[in-house]
Amino acid sequence: MNYVLISAIAGFVLVLMLGASKNAKPISMENGDVFLTYANSIRGAGLALSIISIGGLFLTLIFVPIKTESDARVVIWLFSAAFIFTAYFYIEFFTVKITLKAGGIAGTSGWRGLREYKWSEIEEITYSPVSMWFTIKATAKAPLRIHAWISGIDEFQKHYMANLEKQI
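Residues numbered from 1 in each chain as written. Predicted model: local features only at pLDDT ≥ 70, side-chain atom pairs only at ≥ 80, totals over all residues. Heavy atoms only, no water.

(A) Looking closely at the pairing of strand S7 (residues 133-138). Across the six residues that make up S7, a large majority, five, are buried. Relative to S7, strand S6 (residues 122-128) is paired through six bridges, and the arrangement is antiparallel. Note on S7: the bridge partner recorded for serine 128 is tryptophan 133. Between S6 and the antiparallel strand that follows it, S7, lie four residues; methionine 132 among them carries a positive phi value of about 60°. Pairing analysis gives four bridges linking S7 to strand S8 (residues 144-147), with the strands arranged antiparallel. When the bridges of S8 are listed, phenylalanine 134 appears paired with isoleucine 146. Hairpin geometry of S7 and S8 is characterised by an intervening segment of five residues between the two adjacent antiparallel strands and by a positive phi of about 55° at alanine 140. (Buried < 20%, exposed > 50% of the residue type's maximum accessible area, 1.4 Å probe, protein only. Helix = DSSP H or I, 4+ residues; strand = E, 2+ residues; numbered from the N terminus. Pairing = 2+ DSSP bridges.)

In structure tokens form, the structure reads like this:
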């Protein structure tokens, strides 16, 4: 029964996050550029999940002390996993920024820094329904990935449909 409840709660949270990202609006700049970033609700959910997971582990340690060496290894593994997820949430949700320009697209992330592409350089745009990433591949450049939960993904799709050839 607990697994069903946990699965239902996780599914509900994911639906809320998806709804929040769909309702969030991109930021239109004065020069005509469109700025895309994750919605504050998604950032907050990532931060809350991090705090809950790390805080829950600390509370567990207070009430259930470590008794054996294997318990200590499991606790170290769990804390490591929680900190890795926290780092991922921070890098993804707080550093990713996409700017749609008349001449192309620019993306900044904590993963790869700033990358800019002219519309004429783009060779292919693909979408993975499993990972929910749009992947932009350009001539002699590292790919740029844009998650479908970023606010204004519809605006991104309008821009590339208007500026790229149909076969791309």
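(B) Representation of the sheet that holds S7 within the structure. Taken in spatial order, the three strands make up an open sheet running S6-S7-S8, and their pairing is antiparallel. In this open sheet, the two edge strands, each paired with only one partner strand, are S6 and S8. Ignoring strand direction, the axes of neighbouring strands in this sheet form an average angle of 20°. Along the sheet, helix H4 (residues 153-163) contacts S6, S7 and S8; its crossing angle with S7, the most-contacted strand, is approximately 30°. (Axes fitted to C-alpha atoms, helices over the stretch in contact; angles between N-to-C directions. Contact = heavy atoms within 4.5 Å.)

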